[in-house]
Amino acid sequence: MYKNKRAIEMAVSILVIVIIALTILGIELIFTRKIFTGFEENFFTINEQLKEEVEEYMLQNDVKLYFPSTEIKISKGSSEILGIGIKNKNDKDLRYKIAIRAGKDQNGNPFVMDNWFQFIYEERSIPSGGNQIGHIKLRMPKDVPAGSYSLTLEILDTSQLPPEDIYAFKDFFVVVLS
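Per chain, residues are indexed from 1 in the order of the written sequence. In view of the model being predicted, local features appear only for residues whose pLDDT reaches at least 70, and side-chain atom pairs are presented and counted only at 80 or more, with totals across whole chains, interfaces and linings using the full set of residues. Water and hydrogen atoms play no part in the side-chain values, which are based on all heavy atoms of the structure.

Enquirer: How do you make sense of the sheet that holds strand E3 (residues 79-87) when you look at a structure like this?
Expert: Consider a sheet: its strands pair through backbone hydrogen bonds, and that pairing is either parallel or antiparallel. Here, any two strands with at least 2 DSSP bridges between them count as paired. Secondary structure counts use DSSP, requiring at least four H or I residues in a row for a helix and at least two E residues in a row for a strand, with both numbered from the N terminus. Strand order in the open sheet made by the four strands is E1-E3-E7-E5, with antiparallel pairing throughout. Edge strands, defined here as strands with exactly one partner in the open sheet, are strand E1 (65-66) and strand E5 (117-118). With two bridges joining them, E1 and E3 adopt antiparallel strand pairing. The residue of E3 that forms the bridge with Tyr 66 is Gly 85.

Enquirer: I would appreciate a short explanation of a negative patch on the surface in the present structure.
Expert: Residues form patches when they are more than 30% accessible in relative terms and have no salt bridge. Like charges link within 9 Å. Nonpolar side chains (Val, Leu, Ile, Met, Phe, Trp, Tyr) link within 5 Å. For the area figures, the Shrake-Rupley method with a 1.4 Å probe applies, and any residue is considered shielded solely by the protein chains shown. Only one rule defines a salt bridge in this text: a Lys or Arg side-chain nitrogen within 4 Å of an Asp or Glu carboxyl oxygen. We treat Lys and Arg as the positive residues and Asp and Glu as the negative residues; His and chain ends play no part in the count. Where a charge sits is defined by one atom per residue type, namely NZ (Lys), CZ (Arg), CG (Asp) or CD (Glu). On the surface, Glu 48, Glu 52, Glu 53, Glu 55 and Glu 56 cluster together into a patch of negative charge. By secondary structure assignment, the location of Glu 52 is in helix H1 (residues 2-60).

Enquirer: Got a minute to help me understand the sheet that holds strand E6 (residues 124-126) in this structure?
Expert: Reading across from one edge, E2-E9-E8-E4-E6 is the order of the five strands in this open sheet, with mixed pairing throughout. Two strands in the sheet have a free side with no partner beyond their single neighbour: strand E2 (71-75) and E6. Taking each pair of neighbouring strands and ignoring which way they run, the sheet shows an average axis angle of 35°. Helix axes are fitted only over the stretch in contact, all axes being lines through C-alpha atoms; the angle between N-to-C directions runs from 0 to 180 degrees.

Enquirer: Where do I start with unusual backbone geometry in this structure?
Expert: Trans is the prevailing form of peptide bonds, just as negative phi is the prevailing case for residues other than glycine. With phi around 60°, Asn 115 is a residue other than glycine that occupies positive phi space. Counting through the fold element by element, Asn 115 comes out in the loop between strand E4 (94-105) and E5.

Enquirer: Whenever I open this one, the packing of aromatic side chains confuses me. Can you help?
Expert: Remark: the centre distance and the inter-plane angle together describe each pair of aromatic rings, the angle taken between the planes. To pair, rings of Phe, Tyr and Trp, with the six-membered ring standing in for Trp, must have centres within 6.5 Å; the planes then decide the type, stacked if under 30 degrees apart, edge-to-face if over 60, and tilted in the middle. In total, this model carries six aromatic pairs according to the counting rule given. Look at Tyr 57 and Tyr 66: their rings are 4.7 Å apart centre to centre, the planes differ by 50°, and that puts the pair in the tilted class. Exposure categories follow from relative accessible area, calculated using a 1.4 Å probe and restricted to protein chains: below 20% of the type maximum is buried, above 50% is exposed, and the middle band is partly exposed. The class of Tyr 57 is partly exposed, set by a relative accessible area of 33%. With a centroid separation of 4.9 Å and 50° between ring planes, the pair formed by Phe 67 and Phe 172 is classed as tilted. Placement of Phe 67 in the loop between E1 and E2 and of Phe 172 in strand E9 (residues 165-177) is noted, with a sequence separation of 105 residues between them. A relative accessible area of 1% means that Phe 172 is categorised as buried.

Enquirer: Sorry, what's going on with the side chain of Lys 87 here?
Expert: On the secondary structure map, Lys 87 appears in strand E3. One buried charged side chain, Lys 87, makes no salt bridge at all; its nearest oppositely charged neighbour is Asp 62, positioned 4.3 Å away. We call two N or O atoms a polar contact when they sit within 3.5 Å, provided that within protein one can donate a hydrogen and the other can accept it, with sequence-adjacent residues counted only if both atoms are side-chain atoms. For Lys 87, the side chain forms a polar contact with the main-chain oxygen of Asn 61, separated by 3.4 Å. Pairs of residues are marked as contacts when any of their non-hydrogen atoms sit within 4.5 Å. When near neighbours in sequence (up to four residues on either side) are disregarded, Lys 87 contacts Met 58, Asn 61, Asp 62, Val 63, Lys 64, Gly 130, Asn 131 and Tyr 167.

Enquirer: I keep staring at the pairing of E4 and nothing clicks. Help me out?
Expert: In the case of a regular strand, side chains alternate between the two sheet surfaces. Where E4 meets E6, three bridges bridge the pair, whose relative direction is antiparallel. Within the sheet, the bridge partner assigned to Arg 95 lies in E6 and is Ser 125. Where E4 and strand E8 (residues 147-157) come together, eight bridges link them in antiparallel fashion. Bridge assignment links Ala 99 to a residue of E8, and that residue is Glu 154.

By themselves, these observations are geometric and do not establish any function.
Written out as structure tokens, the structure reads:
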């Protein structure tokens, strides 16, 4: 009788542990799904808001290039999505590539920006009179020293033979916060 009582207690203990483990697993799965569902909805909402902002600006202003600001403040280890708009004011299709060139830091020294920006690097095309709207992701590595960095966003006209002409450009600063 004593051995059976221990066996029953052990079976009940194992059953309780399994029920607790499954409950915790279920709660974690629900929590994780809610996090990623919210992230996806926010990501697409932000993208739509940026797209509408860029489209409105391109319609109201007669510019070749829209880029949101001349100074972007960002903390180390964080990222930001920036809207960009390109209007083809040529009489023919515009074949182009985007390039971002490093200038100088706050001390006037050249710097290297490894993997700061993420965008489509391939050649793209816009028909005459048309425009194209996209996104550039600025992702600041944690090891970048705090300070101000000058950069240039260039739209390179690849319709021409090399060297490629600069169709439009915008100088801007990235201020890295500590």
